[in-house]
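Listed here are the chains, written in short residue letters.
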Amino acid sequence: MQQTLDPKKYSYDITEKEAQTYWENNHCFSATLDTNKEKYYCLAMFPYPSGKLHMGHVRNYTISDVIARFQRMLGKNVIQPMGWDAFGLPAENAAIKNQVAPHNWTLSNIEYMKNQLKTLGFAYDWEREVATCDPNYYKWEQWFFIKLYEKGLIYKKNAEVNWDPIDQTVLANEQVIDGRGWRSGALVEKRSIPQWFLKITDYAEELLTSLDTLEEWPEQVKTMQKNWIGKSIGTQIDFSIDQSNLSAADFEALPATLTVFTTRADTLYGATYLAVAAQHPIARHASETDEDIKAFIETCNTLKTAESEIAKLEKKGVKTPFFAIHPLTGEPLPIWIANFVLMSYGSGAVMSVPAHDQRDWEFASKYGIPIKEVITPNEDENSDITSAAFTSMGRLINSDAFNGQSSEEAKINITEKLESLGVGKKEVNFRLRDWGVSRQRYWGTPIPMINCNQCGSVPVPESDLPVVLPTDIQYTADGGSPIKKMDSFSKTNCPKCGESAVRETDTFDTFMESSWYYARFCCPKEADAMVNSETNYWCPVDQYVGGIEHAILHLLYARFFHKLLRDSGLVNSDEPFKRLLCQGMVIAETYFQEDSQGKKTYFSPSEVTLNKDSKGRVTDAVLTETQEPVTIGGIEKMSKSKNNGTDPQSLIDQFGADTVRLFIMFASPPDQSLEWSDAGVEGAHRFLKRLWRTTLELLDGHQTEPLNPSQFDSASLNEQQKNLRRKTHTTIKKVRDDYGRRQTFNTAIAATMELLNEIQQLPTLDSSGSNTNRLIKFEAIESILLLLNPIVPHISHCLWFALGHKTPIIDEPWPKVDEAACTLSSMKLVIQVNGKVRAQLEVDKNTDKGTIEGLALQQENIRKFTGDKSIKKIIYVPGKLLNIVAK
């Protein structure tokens, strides 16, 4: 060690720098293929290079680093890579705002954040680093896209999007605020434009059923994915268009039938209208001759298209002049246009049964549409369709030949009836829709297709890959993607016919990049293939760590991509991630002032002083500088918008990385929210200073070689010495279980804290002048350093060498448990008289039953309750109790 260690000064800055330098110089975390070892792939969801790490990052990466280091101590061949999810709209927005090219902005952020990660001591194999904006990475994504296109798993069609006419770009639903673009303020239009799609629906059934194989995933995540995939078994029904009053133009423009899907065929006789989406051909045709319909459709075109948003809308609609014929009754049903029907789901039309669907009931009640009851409740339920829809199963009424049948019976029988008439069939449907992967933005992977007037869409030849995204670009005032205006990029020749053609200027959805990065980490320098044999050695990922907010899209797309890789012969496993841990949010108090217009200005906790009463309870809060009162807004997720974040770098500078890591892991279980506490950080730092001091004081400045705990005779130890050894080895056993099976790292830390307390209770020198106490304390200190090494690796590295070891603690195995030391030499027995506890007895664990009975009967309190009574029976439960039955 280069530094002189002072027990009174925990020099974390020097200690951490020395450890990090040692790891880097010795390539401690470089992962290599070794078939003689069990592999372990530990991965945290890689970050978007936004500029600085936030506490959510720190928590995510600390958890995964602790797991990786622990598994290494178990003797496994561990890989833990890191990279950057580098494409995306935030970089583009920052570029527009700061007039800096996204490429340069992104690379500078990567460099800064990489250095931050290194200061935290994460055990990453930086030789495997990838950035998704690197052509060497996205080349293979383009290559795979072309292979999937050739297999028929990719197609192009017109799809509805949110279009900002000022920024000339597609907006995600969350970027549309009150019908306007979040940045430009322009009224958003609904546009139908060509989009590329991956056929994820071809894998819907497997994506659903294989969730059951993921035994180490949280049930919450699996449920969220099941709901998103949304398998439903129902009936497809054809309603023919009533042609009795159609004009020639109507007859030409309208479809012959409206096809709907329902899971409640038992309610078919209760259908009183049909509803179509505003973009449906029937709606478009009706708008050509009706200004009210046209105005309504224009209103719908400014609405968000997410199902969650549609569900919250006030139900509105307009009636068309057209009718559909009920397939069983022949009754004409009016066709309405409704804002709650989406063209992107199903056929863009729904059968509306207001008596038995609450949404349909609200719509029918608003517009005076008949509500016809066809399901009557079973005996244990009630219904009143004048106040709400009855949505449960029951028995059929007002349904002709099906009256009296149960809902379940009627579903089958009505479907069979429809099939016999050729107007319906049983069908399995999925809520999941094909994945639209095109984005009309610049900063992303170019889609490797060429558009030719003669040949249509043609893939870029493999020899021309990658299609490199130009990085030397300029944004113009009219908005839109700059590469659309770059002839040097967009103009090309068709690979098929050689005529002039236009390169695709859409880029991939960034979920494409994040759907396979885990596989590329296994062979990041592979120049001739997307992945190689190393991928099958390392994959699947044994432990994946990331936020619950990625439970659906990212994880679902990654699972889908892995199955595509498998079916293309590139990997040999079915799922990408074996075990999933979703860490909770980091939350903190918020403080704000509100002006007369209701606008809130948030203040950092560092700017606020809390006033307390005599009992230490917070009474109010003021700005420290001005003493102006502020409102305490409650605990919320750390965020820039609430200004309640804590800068990790400032904490590292003040307390050291190990303190931050220790607090992060100790404050709460990893899957629960972590409430930030400055006092908790300070407490973690005090514990490390105590560990530092206790270890160095034990050495007393003289230790040059590690003590050998085996020098003491276990049989001759006194009770205090045995107790510390017992505590040491039961702690080793507990912490291993906490790290591995339970993943409750906070309880593991608590156990080591208790062990340190026990160490400090035992004097270093015993009364006889023997060295046994020192040896036993040395064993306990060694154990603490090994147990905490995954969490606080810098201080463990330093103190391990201080104990006289010549090899680094990073290469040490998990400590072995001495089972004999865990066993109590004595046992405490409860002594009962007639079932009531009257005394306790401590005896050697090997004491026989007869001796125990004799000792129990001699106890003063036992004699008091047995007295002159006759002992009828003595019941002995070994190791627990003795019950004396006396009459």
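Think of each chain on its own: its residues are numbered from 1, step by step along the sequence as written. Given that the model is predicted, a residue must reach a pLDDT of at least 70 before its local features are reported, and side-chain atom pairs must reach 80 or more before they are shown or counted; all residues, however, enter totals for whole chains, interfaces and linings. The basis for every side-chain value is the complete set of heavy atoms in the structure, and neither hydrogens nor water enter the calculation.

Engineer: Explain the pairing of strand 34 (residues 871-877) here, please?
Structural biologist: Looking along a regular strand, one sees side chains alternate from face to face of the sheet. By definition, two strands form a pair when at least two bridges between them are found by DSSP. A run of H or I in DSSP counts as a helix once it spans at least four residues, and a run of E counts as a strand once it spans at least two, with each numbered from the N terminus. Relative to strand 35 (residues 881-886), strand 34 runs antiparallel, the two sharing six bridges. Paired with V877 across the two strands is L881, which belongs to strand 35. As consecutive antiparallel partners, strand 34 and strand 35 are separated by three residues, and within that stretch G879 has a phi angle of approximately 80°, a positive value.

Engineer: Is there a simple way to explain unusual backbone geometry in this structure?
Structural biologist: Excluding glycine, residues mostly have negative phi values, and the peptide bonds linking residues are mostly trans. The amide bond that connects L465 to the next residue, P466, takes the cis arrangement and shows omega of 0°. For the bond from C539 to P540, the omega torsion is 5°, close enough to zero to count as cis. Inspection of the secondary structure puts P540 in the loop between helix 17 (533-538) and strand 24 (541-547). Positive phi outside glycine occurs at N398, with the angle close to 50°. Judged by its relative accessible area of 45%, N398 falls in the partly exposed class. In this structure, N643 is a non-glycine residue whose phi angle is positive, near 55°. Working definition: with a 1.4 Å probe on protein chains only, accessible area under 20% of the residue-type maximum means buried, over 50% means exposed, and in between means partly exposed.

Engineer: Would you take a moment to explain the packing of helix 3 (residues 89-98) against helix 4 (residues 102-119) for this structure?
Structural biologist: In helix packing, the relevant descriptors are the interaxial angle and the interaxial distance, both defined with respect to the helix axes. Axis angles are defined between N-to-C directions and span 0 to 180 degrees, where every axis is a line fitted to C-alpha atoms and, for a helix, only to the segment in contact. The interhelical angle for the contact between helix 3 and helix 4, taken along N-to-C directions, is 110°, at an axis separation of 9 Å. Looking at the two axes, helix 3 sits roughly perpendicular to helix 4. The crossing of helix 3 and helix 4 is right-handed. From helix 3, A91, E92, A94, A95 and N98 reach across to helix 4, where they touch P102, W105 and T106. Here the word oblique covers every angle except those under 35 degrees (roughly parallel), over 145 (roughly antiparallel) and from 65 to 115 (roughly perpendicular). By definition, any crossing whose near helix is turned counterclockwise from its far helix by less than a right angle is left-handed, and any crossing with a clockwise turn is right-handed. We call two residues in contact when some of their heavy atoms are within 4.5 Å.

Engineer: Where do I start with the environment of G656 in this structure?
Structural biologist: Structurally, G656 is set in the loop between helix 19 (648-655) and helix 20 (657-666). The class of G656 is buried, set by a relative accessible area of 0%. Sequence spacing of G656 and T119 is 537 residues, and the spatial spacing of their C-alpha atoms is 9.0 Å.

Engineer: It is not clear to me how the pairing of strand 28 (residues 608-612) should be interpreted in this structure. Could you clarify?
Structural biologist: Examined bridge by bridge, strand 28 and strand 29 (residues 618-623) share five bridges and lie antiparallel to one another. Within strand 29, the residue paired with L610 across the bridge is A621. Linking strand 28 to strand 29, which pair antiparallel, is a turn of five residues; within it G616 sits at a positive phi near 80°.

Engineer: What exactly am I supposed to notice about the pattern of salt bridges here?
Structural biologist: Oppositely charged side chains may form a pair once their charged atoms are brought near each other. Only one rule defines a salt bridge in this text: a Lys or Arg side-chain nitrogen within 4 Å of an Asp or Glu carboxyl oxygen. For the structure on display, the rule yields 39 salt bridges. With a shortest N-O distance of 2.8 Å, E129 and K114 are connected by a salt bridge. Taken as a pair, E129 in the loop between helix 4 and helix 5 (135-150) and K114 in helix 4 lie far apart in primary sequence, 15 residues in all. Looking at E129, the relative accessible area reads 25%, which means it is partly exposed.

Engineer: Would you mind showing me how to read the sheet that holds strand 25 (residues 577-583) here?
Structural biologist: In a beta sheet, neighbouring strands are held together by backbone hydrogen bonds and run either parallel or antiparallel to one another. Sheet architecture is open: four strands sit in the order 2-1-24-25, paired in parallel fashion. Edge positions in the open sheet fall to strand 2 (77-79) and strand 25, since each of these has one partner strand only. Averaged over neighbouring strand pairs, the angle between their axes works out to 20° when direction is ignored. Examined bridge by bridge, strand 1 (residues 39-44) and strand 2 share three bridges and lie parallel to one another. Opposite K39, over in strand 2, you have N77 as the bridge partner.

Engineer: Mind showing me how you'd approach helix 25 (residues 793-802) here?
Structural biologist: Each α-helix turn comprises 3.6 residues. Residues three or four places apart therefore point the same way. Most of helix 25 sits out of view: ten of its ten residues are buried. Taken together, the buried residues of helix 25 touch helix 1 (12-25), helix 2 (55-73), helix 4, helix 20, helix 21 (678-699) and helix 24 (772-788). Positive backbone phi, at 105°, marks G804, one or two positions downstream of helix 25.

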